[in-house]
Amino acid sequence: MKEIKQKVKLLNSISPLEFLPNLSKHLGPKIYIKRDDEGGRGAGGNKLRKYERIIGDALASNCDTLIIAGHYQSNASRALVGVACQLGLKSVVVCKEMIPPQNADFLKNGNALLMNLMDAEIVPIEKETDYQTAMLEVAEQIKLKGGKPYIIPFGGSNFLGVMGYVDCAHEIIEQFDELNFQPPDYVFVACGSGGTQAGLEAGFLSNNYKTKTIGISVLHDQEKATTIVSNLSYEALKRIDPDFDYDLDIIVDDDFVGEAYGIPTQKGLDAIKLVAKLEGLFLCPVYTGKAMSGLISYIEEGKITKNDTVVFIHTGGMPLIYAYYDQFFEQSDI
Ligand SMILES: *Cc1c(COP(=O)(O)O)cnc(C)c1O
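Treat the numbers as computed from the prediction; the structure is a model and nothing was measured. (Residues numbered from 1 in each chain as written. Predicted model: local features only at pLDDT ≥ 70, side-chain atom pairs only at ≥ 80, totals over all residues. Heavy atoms only, no water.)

Q: Before we go on, may I ask you to explain helix α4 (residues 110-117) in this structure?
A: Since the α-helix advances by 3.6 residues per turn, residues separated by three or four positions end up pointing in the same direction. Within the sequence span of α4, burial applies to Gly110, Asn111, Ala112 and Met115. At its buried positions, α4 is contacted by α3 (75-87), β4 (90-95), β5 (121-124) and α11 (319-323). Where α4 ends, the next residue or the one after it, aspartate 119, has phi of about 60°, a positive value. (Buried < 20%, exposed > 50% of the residue type's maximum accessible area, 1.4 Å probe, protein only. Helix = DSSP H or I, 4+ residues; strand = E, 2+ residues; numbered from the N terminus. Contact = heavy atoms within 4.5 Å.)

Structure representation (structure tokens):
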């Protein structure tokens, strides 16, 4: 496949694919985990793959200041600040409270703490203010001072970001190939802004692999999420192969969102504890815990059987465990 845009290297190597023997034994199917939580600056996570081409584009346009919008516990913002530090670029985070504070330390722990350590420039805005409007204003101010701003798309989910997850699908295929195994039957992933799932879907489809990506929504309802992922995936497939033209069958399940984005669910918390206990791996209450609770339910309902092979994408977000620490203790213990 031709390189679409200049890419800046933010990840050293392909991320490990690890078999989870204890979770597999406990649940039935063969479950692997793709460690996209490992590697890269700013405590890593799935946003780094997306940023490789997005920041490549920023550098190609001679920009020196990256602007991102998010809430105070945003993984996307925290990771962006980290890679900006690494590359010697400036960054500005436009912040508002999207998630009601979950405990007294919510704005001082987890990603908020890490952004503070990196001396992130935070521009607080009111809840009612539109992120895009606020980012454009910040960009104008930077221009007035002679800087060259670059606005990061929401969740890093534009075509450039999606291509990072096309790469990930190719890695998974290669990793199974090296094991002399058929590609996996299913890939499970948390779906927020949709770019991660869209890239995986496009990556498998463009190689004619039967691997089905199941997105577990943590944000949008099914209809909205499906539309977003379909559009992003279609755009990627069209650029990879201009002749591509057929309907996509995107699956995003919104049964595990719970009350809202950023509000933990009991099933998600239970999934985090189970994976920690059995495998010594940490998921988070906002994304991967909910995604894992989806996978567990699909297995319990028999939608996925012990003859299936599943890859769970560990998209990162471990700092969020600290932001939600009180969820993991009995209230009387705190
Ligand atoms: C952003 C994020 C996701 C969701 O990825 P999208 O591409 O926005 O759907 C999943 N997990 C973690 C830990 C994230 O930070």
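On we go from here.
Q: What is the right way to read the pattern of salt bridges from this model?
A: Side chains that differ in sign of charge can pair as their charged atoms come close. Following the criterion strictly, the structure yields 14 salt bridges and no others. Arginine 49 is paired through a salt bridge with aspartate 36; the nearest N and O atoms lie 2.7 Å apart. Within this pair, whereas arginine 49 is found in helix α2 (residues 47-60), its partner aspartate 36 is found in the loop between β2 (30-35) and α2, the two being separated by 13 residues in sequence. The burial state of arginine 49 is the same as that of aspartate 36; both residues are buried. Glutamate 301 is the partner of lysine 303 in a salt bridge, and the nearest nitrogen-oxygen pair spans 3.0 Å. Sharing partners across several salt bridges, the network here consists of Lys7, Glu52, Arg53 and Asp167. (Salt bridge = Lys/Arg side-chain N within 4 Å of Asp/Glu carboxyl O.)

Q: Which parts of the structure should I look at to understand the sheet that holds strand β3 (residues 65-70)?
A: Strand pairs in the sheet, formed through backbone hydrogen bonds, run parallel or antiparallel to each other. The four strands are arranged β5-β4-β3-β6 in an open sheet whose pairing can be described as parallel. This sheet does not close on itself; its edge strands, each paired only once, are β5 and β6 (149-151). When the angles between neighbouring strand axes are averaged without regard to direction, this sheet yields 25°. Here β3 pairs with β6 via three bridges, running parallel. Across the sheet, threonine 65 pairs through a bridge with proline 149, a residue of β6. Of the strands in this sheet, β3, β4, β5 and β6 are in contact with helix α5 (residues 131-144), which crosses β3 at around 160°. (Pairing = 2+ DSSP bridges. Axes fitted to C-alpha atoms, helices over the stretch in contact; angles between N-to-C directions.)

Q: Just checking my understanding: could you explain the site of the ligand for this structure?
A: Taken together, 16 residues sit near the ligand, with Lys47, Lys50, Ser193, Thr196 and Thr315 positioned nearest. Measuring from an oxygen atom of the ligand, one finds a side-chain N or O atom of lysine 47 at 2.9 Å. Protein coverage of the free-state accessible area of the ligand, which is 380 Å², stands at 97%. Elements with a contribution of two residues or more to the shell around the ligand: α2, β7 (186-191) and α7 (195-205). Taken together, the residues that form the shell around the ligand break down as three nonpolar, 11 polar and two charged. (Near = heavy atom within 4 Å. Polar contact = N/O pair within 3.5 Å; in protein donor to acceptor, adjacent residues only side chain to side chain. Areas by Shrake-Rupley, 256 points an atom, 1.4 Å probe, with all protein chains shown as cover. Nonpolar A, V, L, I, M, F, W, Y, C, P; charged D, E, K, R; others polar.)

Q: Can you walk me through the packing of aromatic side chains in this structure?
A: Pairs of aromatic rings are described using the distance from one ring centre to the other and the angle between the two planes. One pass over the full model with this rule turns up six aromatic pairs. Consider the rings of phenylalanine 188 and tyrosine 298, whose centres lie 5.4 Å apart with planes at 85°: the pair is edge-to-face. A residue pair is termed long-range when its members are at least 10 positions apart, and phenylalanine 188 in strand β7 and tyrosine 298 in helix α10 (residues 288-300) qualify at 110 residues. A relative accessible area of 0% places phenylalanine 188 in the buried class. Between tyrosine 261 and tyrosine 287 the ring centres are 5.9 Å apart and the planes differ by 65°, which places this aromatic pair in the edge-to-face class. Of this pair, tyrosine 261 sits in the loop between β9 (251-253) and α9 (266-279) while tyrosine 287 is found in the loop between α9 and α10, placing the two residues 26 residues apart along the sequence. An identical accessibility class is assigned to tyrosine 261 and tyrosine 287; each is buried. Connected via pairs of aromatic rings, a cluster forms that spans Phe19, Tyr32 and Phe176. A cation over a ring is seen here: lysine 47 above tyrosine 287, with NZ or CZ 5.6 Å from the ring centre. One cation-aromatic arrangement involves lysine 303 over tyrosine 298; the distance from NZ or CZ to the ring centre is 4.2 Å. (Phe/Tyr/Trp six-rings, centres within 6.5 Å; stacked < 30°, edge-to-face > 60°. Lys NZ or Arg CZ within 6 Å of the ring centre and 35° of its normal.)

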